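Here is what each chain is made of, one letter per residue.
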Amino acid sequence: MANRWINTLKDKDVTPEDMFLNRRQIMGGALAGVGLAGMGSSVSAAPEGLEPNSYEEITSYNNYYEFGTGKDDPARYAGKLTTTPWTVQIDGMVDNPGEFAFEDIMKAMTIEERIYKFRCVEAWSMVVPWNGFELADLLNMAGVQSGAKYVAFETALRPDEMPGVAYPVLDWPYVEGLRLDEAMHPLTIMATGIYGKDIPNQNGAPLRLVVPWKYGFKSIKSVVKITLTDKQPATSWNKANAREYGFYSNVNPEVDHPRWSQASERLIGGGLFSKRVPTLMFNGYEGEVAGLYEGMDLAKDI
Ligand SMILES: Nc1nc2c(c(=O)[nH]1)N[C@H]1C(S)=C(S)[C@@H](COP(=O)(O)O)O[C@H]1N2
Ligand SMILES: [Mo]
């Protein structure tokens, strides 16, 4: 599958900046004291007291309802998911639509490590060292047309490999969406690895969205389709319960879930010493992303 836009980036000149950006690691400004602004000049380390979770923790406590609703179901059952070959269809309002092989996307993209806090709407969180590429790079290669305003995502639907889809917990396939400016934000990545290894099936192999300032369910796994559109896309959890789950779903300690508080969260890990910490606005990425929502009422546009 040769495609013009895939080849274009592969052949581009590598500048010293690219080399630096390959190594950059980002934590939220409020967490690391270094945000996007600091990115050009220094590489931030994980802040004291907020070490990345272990590989074991990140890959054994999961939400991936296509494999069951228990936290250990994905690790148990997602091994059945066939991830090679894998293609991603990119369509809608783009100049270069097509069905792209995962390996070709990987060859074209710059893979970096991003250490992000990950906050589930269920009020638990982890710190994950992802490997991946900026979604903006992929969208730019697809050539986003001027009328596009949103990006819709879809997960694979394989009844033979996914025991959970036999149950109508959600309206399968799992779908998600972002506003175009959110999708193009440099913090928004497609993750393809964890701790430098290929991302395990239970975490969304071979590629999944990661939007660190939003509740975890926005970070849709095992993506097979990306569609540029001028209409706000439907999203799985919003379809399931619009009162509890909005389109934006930005992490916000001041807006509680109708059934529980979002003011604090349980940091996974540490066994008995697993601690509760205050939840930060936009999960600690307020400095980077608050501007996207200027003028919006975040208590209303949940
Ligand atoms: N396709 C799909 N994507 C999904 C989910 C899912 O059930 N199906 N769960 C979401 C939820 S609720 C969370 S918290 C994260 C969990 O990601 P992790 O298991 O890598 O921590 O994936 C999100 N992406
Ligand atoms: Mo979640």
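Keep in mind it's a predicted model, so treat the numbers as computed, not measured.

Conventions adopted
- Residues numbered from 1 in each chain as written.
- Chains lettered and ligands numbered in written order.
- Predicted model: local features only at pLDDT ≥ 70, side-chain atom pairs only at ≥ 80, totals over all residues.
- Heavy atoms only, no water.
- Salt bridge = Lys/Arg side-chain N within 4 Å of Asp/Glu carboxyl O.
- Helix = DSSP H or I, 4+ residues; strand = E, 2+ residues; numbered from the N terminus.
- Buried < 20%, exposed > 50% of the residue type's maximum accessible area, 1.4 Å probe, protein only.
- Near = heavy atom within 4 Å.
- Polar contact = N/O pair within 3.5 Å; in protein donor to acceptor, adjacent residues only side chain to side chain.
- Areas by Shrake-Rupley, 256 points an atom, 1.4 Å probe, with all protein chains shown as cover.
- Nonpolar A, V, L, I, M, F, W, Y, C, P; charged D, E, K, R; others polar.
- Phe/Tyr/Trp six-rings, centres within 6.5 Å; stacked < 30°, edge-to-face > 60°.
- Lys NZ or Arg CZ within 6 Å of the ring centre and 35° of its normal.
- Pairing = 2+ DSSP bridges.
- Axes fitted to C-alpha atoms, helices over the stretch in contact; angles between N-to-C directions.
- Contact = heavy atoms within 4.5 Å.

## Considerations on the pattern of salt bridges
On inspection of all chains with the given rule, the structure shows 14 salt bridges. For D104, the salt bridge goes to K107, with nearest N and O atoms at 3.6 Å. A residue pair is termed a helical-turn pair when its members lie 3 or 4 positions apart in one helix, as D104 and K107 do in helix α6 (residues 102–108) at 3 residues. A residue is classified by how much of its surface remains accessible, and D104, at 14% relative accessible area, is buried. The residue D181 makes a salt bridge to R179 at a minimum N-O spacing of 2.8 Å. When its relative accessible area of 34% is taken as the criterion, D181 is described as partly exposed.

## Examining the site of ligand 1
Close to ligand 1 lie 17 residues, the nearest being N62, Y65, E66, T155 and K221. At a separation of 3.2 Å, a nitrogen atom of ligand 1 approaches a polar backbone atom of N63. At a separation of 2.6 Å, an oxygen atom of ligand 1 approaches a polar side-chain atom of K221. Within the complex, the protein chains bury 97% of what would otherwise be the 530 Å² of accessible surface of ligand 1. By residue class, the composition of the shell around ligand 1 is 8 nonpolar, 6 polar and 3 charged.

## Re the packing of aromatic side chains
Summed over the entire model, instances satisfying the criterion amount to 12 aromatic pairs. Judged by centre distance (5.9 Å) and plane angle (80°), the ring pair of Y116 and Y285 falls under edge-to-face. Pair noted here: Y116 is in strand β3 (residues 112–119) and Y285 is in the loop between β12 (276–278) and α10 (286–289), with a separation of 169 residues, a long-range link. Geometrically, the ring pair formed by Y248 and Y293 is edge-to-face, given 6.0 Å between the ring centres and 90° between the ring planes. Linking Y248 in the loop between α9 (236–240) and β11 (264–267) with Y293 in the segment after α10, this pair joins segments that are 45 residues apart in sequence. According to the relative accessible area criterion, Y248 is buried, its value standing at 9%. Across from the ring centre of Y61, 5.7 Å away, lies the NZ or CZ of K71, which sits over that ring. Against the face of F247 rests K218, its NZ or CZ located 4.4 Å from the ring centre.

## Quick notes on the environment of H185
The topology assignment puts H185 in the loop between α8 (180–184) and β7 (189–194). Here H185 falls in the buried class, since its relative accessible area comes to 8%. Taking C-alpha positions, H185 is 9.2 Å from L292, a pair spaced 107 residues apart along the chain. Separated by 3.0 Å, the side chain of H185 and the backbone nitrogen of L187 make a polar contact.

## Notes on the sheet that holds strand β2 (residues 98–101)
Strand order in the open sheet formed by 5 strands is β2-β1-β10-β5-β6, with mixed pairing between adjacent strands. Looking at the sheet topology across the chains shown, the edges are occupied by β2 and β6 (175–179). Sheet twist, expressed as the mean angle between neighbouring strand axes with direction ignored, is 20°. When strand β5 (residues 150–155) meets β6, the two strands line up antiparallel, connected through 5 bridges. Bridge pairing in β6 places Y150 opposite R179. The sheet contacts of helix α7 (residues 135–142) involve β1 (87–92), β5 and β10 (223–229), and relative to β10 the element is tilted by about 65°.

Shape is all these values report; function is a separate question.
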